[in-house]
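Take a look at the letters that make up each chain.
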Amino acid sequence: PAALPAAPLAFTDVNLNSRNTYEVSRRRSAPEHLPHGGTAPAEPAPPPQEPAERARHRVGIAGAGSSFAEFFTRNFFTKRTKELKPAVQSAPGWKLFGKVPPRENLPKDSKIIQQEYEARTGRMYKPPPPSARRKNIEFEPLSTTALILEDRPANLPAKSVEEALRHRQEYDEMVAEAKKREIKEAHKRKKIMRERFKQEENIASAMVIWVNEILPNWEGMRATRRVRELWWQGLPPSVRGKVWSLAVGNELNITPELYEIFLSRAKERWKSFSETNSENDIEDAGASVADREASLELIKLDISRTFPSLYIFQKGGPYHDLLHSVLGAYTCYRPDVGYVQGMSFIAAVLILNLEEADAFIAFANLLNKPCQLAFFRVDHSMMLKYFAAFEVFFEENLPKLFLHFKSYSLTPDIYLIDWIFTLYSKSLPLDLACRVWDVFCRDGEEFLFRTGLGILRLYEDILLQMDFIHIAQFLTKLPEDITSEKLFSCIAAIQMQNSNKKWAQVFASLMKDNKEGDKNHSPAPKS
Amino acid sequence: MGSAEEDYNFVFKVVLIGESGVGKTNLLSRFTRNEFNHDSRTTIGVEFSTRTILVGDAVVKAQIWDTAGLERYRAITSAYYRGAVGALVVFDITKHQTYDVVDRWLKELYDHAEASIVVMLVGNKTDLAQAREVPMEEAKMFADNNGLLFVETSALDSTNVEEAFETILKEIFHKVQKQKQRSSQSNTVSLASESPTSTAPAQAERRPCCVAL
């Protein structure tokens, strides 16, 4: 197969083989031009350090107008194709379905062996009747399969007629078996492709509705049933950033100019930080300077540990500086909160979906929500309230599992801290995390906890069989093959009603209890 | 003995603490899975791993809690020390600051854990010897003065990782054995975590802390 031409881009398919794979597709030409599942000619080889066993998760970004998609096609894709060309050209035996290419040093191709056999035995080589449905499957047995047809080397006794016939028969059986497998595989791939097309069609039609109908009438329509239902299905990636921005709002009235101001402050600080000897500063100004420097150090440290498998936030990666800027500006904007681990993941997801200044505005406003503020200020007593409210709904929705966890004294902080701090962007595949963010923007903090319960529900049967350490291990490292359909159907089944009280009411009454409790006896954090 | 594939005599809960970025997660992954990840992700909250090793005739299951290093998180992570019988306090030999705060980590630890907890000071990243900022003698002396075990490791090239965990697990084991002898004399304390039976393998899991030292 020829390398994909760099331009014009009728179709591009960029796959980064990683934990959270971004796949960017722009599809304007007819789908039949597409190669079959997973066989895009330009599919790059996984980066060398990438563990191959990592599951692939995909975020489809369809349609034009997405700045992110354009970014990829402009920068990433062209660069990658150039890098890849030699690899593609040097692989002449590259097979359509990813079979091991026959190496050049192999003595004989199986077809040749087979033909030789036909010639020797006088039997006509009848190519297997091509399946009517799958004409494009070019089946070719592995080279070693046909070895059974070969005559024995001269120093060994020759095959008898019966033996040769039996070998012929065995060979045919092996071929038939392998072919059946191939066809089955091909059908599976085709089905997946069909589902993907369907999904992309849905996204495309949803995008039209979002762009033409909803966004121009945002305030009037955002709360309507129709919009809320469409919203639940997941936002088309091209409008995702816009809808997030609108839904998060800008209570803090941050302007792009303000962002620039804080960014330049952050830059000054970095400069002075790298110029001065840090030890002197600690002596001079005490803990606050040390903290601030620790915070700058920490940002630097964490950026490279944010979605490491995407290779875009790491040093030298395209979004490294951007992530640095947004986080740095935030620590200048909110020195009272500063930088807290977990933030880099949130900022990164926003950067993937929004322009720089908009990402900052959404970031600052998002972190200003009560739940996020409680967590990022590490307000322990407030966090315990959230955990307690979560447990109310946990017991209501999954009583059996709730008791099981209780019996091991497995408290929600063990798994919820990671989930809430990063808004699931570290724990779930990125595309799925984005869908959670979509509905989080619609429903607010309660959806974060509802998602947590959805995850517990999805894995309830497995978790019920596990003991403390296995549950803890499982929940702090969720399976990578979790699918959005399954998860969202589990989330949908979670009722956020506790004896007619909704999340906000349950939470409020817990807060009230706390105040009354404070009066009666000294507050002892129940942890 | 246990009925499942997991037969063990003891469960020891060990916590990994120390500043962010010193390599706690990689030490753990090197020990439990023999893996090192150059691009490991920031730990938020706590992560878990286990590995079973043989100490003498006893099968010891190490249940290791890998905590987030961020100072701000300490309020929430301190609860994780409860029931720990061992702790690895990790610093980065190429960053003096991570060594300077070992004192604070120890204080934090002793505030929340049993006084008898076995603590090991671990200077990690010996593969970066050319960038060393903390002399080995200094750290060793600090450890001796504070009654800590001490080892220098490299999660990257595997140096001493196995030894570090084995040493601390053996030390815990010996403490437990001594405790056992004493308790069998006085006949008061029972080690609930010992020899989980098929009916209650969970008990040891649930309360790894019940190996009271």
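Below is a summary of the structure that appears in this document. The shown structure was predicted, so the numbers you read here are calculated from the model rather than taken from an experiment. (Residues numbered from 1 in each chain as written. Chains lettered and ligands numbered in written order. Predicted model: local features only at pLDDT ≥ 70, side-chain atom pairs only at ≥ 80, totals over all residues. Heavy atoms only, no water.)

Some remarks on the packing of aromatic side chains
Residue and element names in this part refer to chain A.
And then number 1: Taken as a whole and judged by the stated rule, the model has 41 aromatic pairs over all chains.
And then number 2: A centroid spacing of 6.0 Å and a plane angle of 85° characterise the contact between W232 and F447, whose relative ring orientation is edge-to-face. Of the two residues, W232 is situated in helix α5 (residues 225–232) and F447 in helix α18 (residues 445–458); the sequence distance between them amounts to 215 residues.
And then number 3: Owing to a relative accessible area of 0%, F447 belongs among the buried residues under this scheme. (Phe/Tyr/Trp six-rings, centres within 6.5 Å; stacked < 30°, edge-to-face > 60°. Helix = DSSP H or I, 4+ residues; strand = E, 2+ residues; numbered from the N terminus. Buried < 20%, exposed > 50% of the residue type's maximum accessible area, 1.4 Å probe, protein only.)

Structural notes on the environment of Y311 of chain A
Residues and elements named next belong to chain A.
And then number 1: Looking at the element boundaries, Y311 is found in the loop between α9 (287–303) and α10 (320–333).
And then number 2: By relative accessible area, which is 24% here, Y311 ends up partly exposed.
And then number 3: In the structure, Y311 is positioned 93 residues away from H404 in sequence and 40 Å away in space, judged by C-alpha atoms.

Some details on the interface of chain A and chain B
And then number 1: The interface of chain A with chain B comprises 38 residues on the first partner and 32 residues on the second.
And then number 2: Surface buried jointly by chain A and chain B totals about 3,200 Å² across both partners, of which 58% is contributed by carbon and sulfur atoms.
And then number 3: In this assembly, chain A and chain B are joined by one salt bridge.
And then number 4: With its nearest N and O atoms 3.3 Å apart, the salt bridge here joins K426 of chain A to E47 of chain B.
And then number 5: Counting across the interface, chain A meets chain B through seven residue pairs in polar contact (both at pLDDT 80 or more). (Contact = heavy atoms within 4.5 Å. Buried area = accessible area lost by both parts, 1.4 Å probe. Salt bridge = Lys/Arg side-chain N within 4 Å of Asp/Glu carboxyl O. Polar contact = N/O pair within 3.5 Å; in protein donor to acceptor, adjacent residues only side chain to side chain.)

Notes on the sheet that holds strand β3 (residues 58–67) of chain B
All names here are of chain B.
And then number 1: Strand order across the open sheet formed by six strands is β2-β3-β1-β4-β5-β6, with mixed pairing between neighbours. The open sheet has two free edges, formed respectively by β2 (46–55) and β6 (149–152), since each of these has just one partner strand. Neighbour to neighbour, the strand axes of the sheet diverge by 25° on average, direction disregarded.
And then number 2: Note that strand β1 (residues 10–18) and strand β4 (residues 86–92) share five bridges and pair parallel. Opposite I17, over in β4, you have V89 as the bridge partner.
And then number 3: Those strands touched by helix α1 (residues 24–33) are β1, β2, β3, β4 and β5 (118–124), and its axis lies near 40° from that of β2.
And then number 4: Set on the sheet, helix α5 (residues 136–145) makes contact with β4, β5 and β6; between it and β6 the angle comes to about 160°. (Pairing = 2+ DSSP bridges. Axes fitted to C-alpha atoms, helices over the stretch in contact; angles between N-to-C directions.)

Looking at the packing of α10 of chain A against helix α12 (residues 356–366) of chain A
All names here are of chain A.
And then number 1: Between α10 and α12, whose axes approach to 10 Å, the crossing angle comes to 45°. Taken together, α10 and α12 sit at an angle that is classed as oblique. At the point where α10 passes α12, the crossing takes the right-handed sense. Along the contact surface, α10 presents L322, S325, V326, L327, A329, Y330 and Y333, while α12 presents E356, F360, F363 and A364.
And then number 2: Looking at the contact of α10 with α12 residue by residue, the class counts come to nine nonpolar, one polar and one charged. (Parallel < 35°, antiparallel > 145°, perpendicular 65-115°, else oblique. Left-handed = near helix turned anticlockwise from the far one by under 90°. Nonpolar A, V, L, I, M, F, W, Y, C, P; charged D, E, K, R; others polar.)

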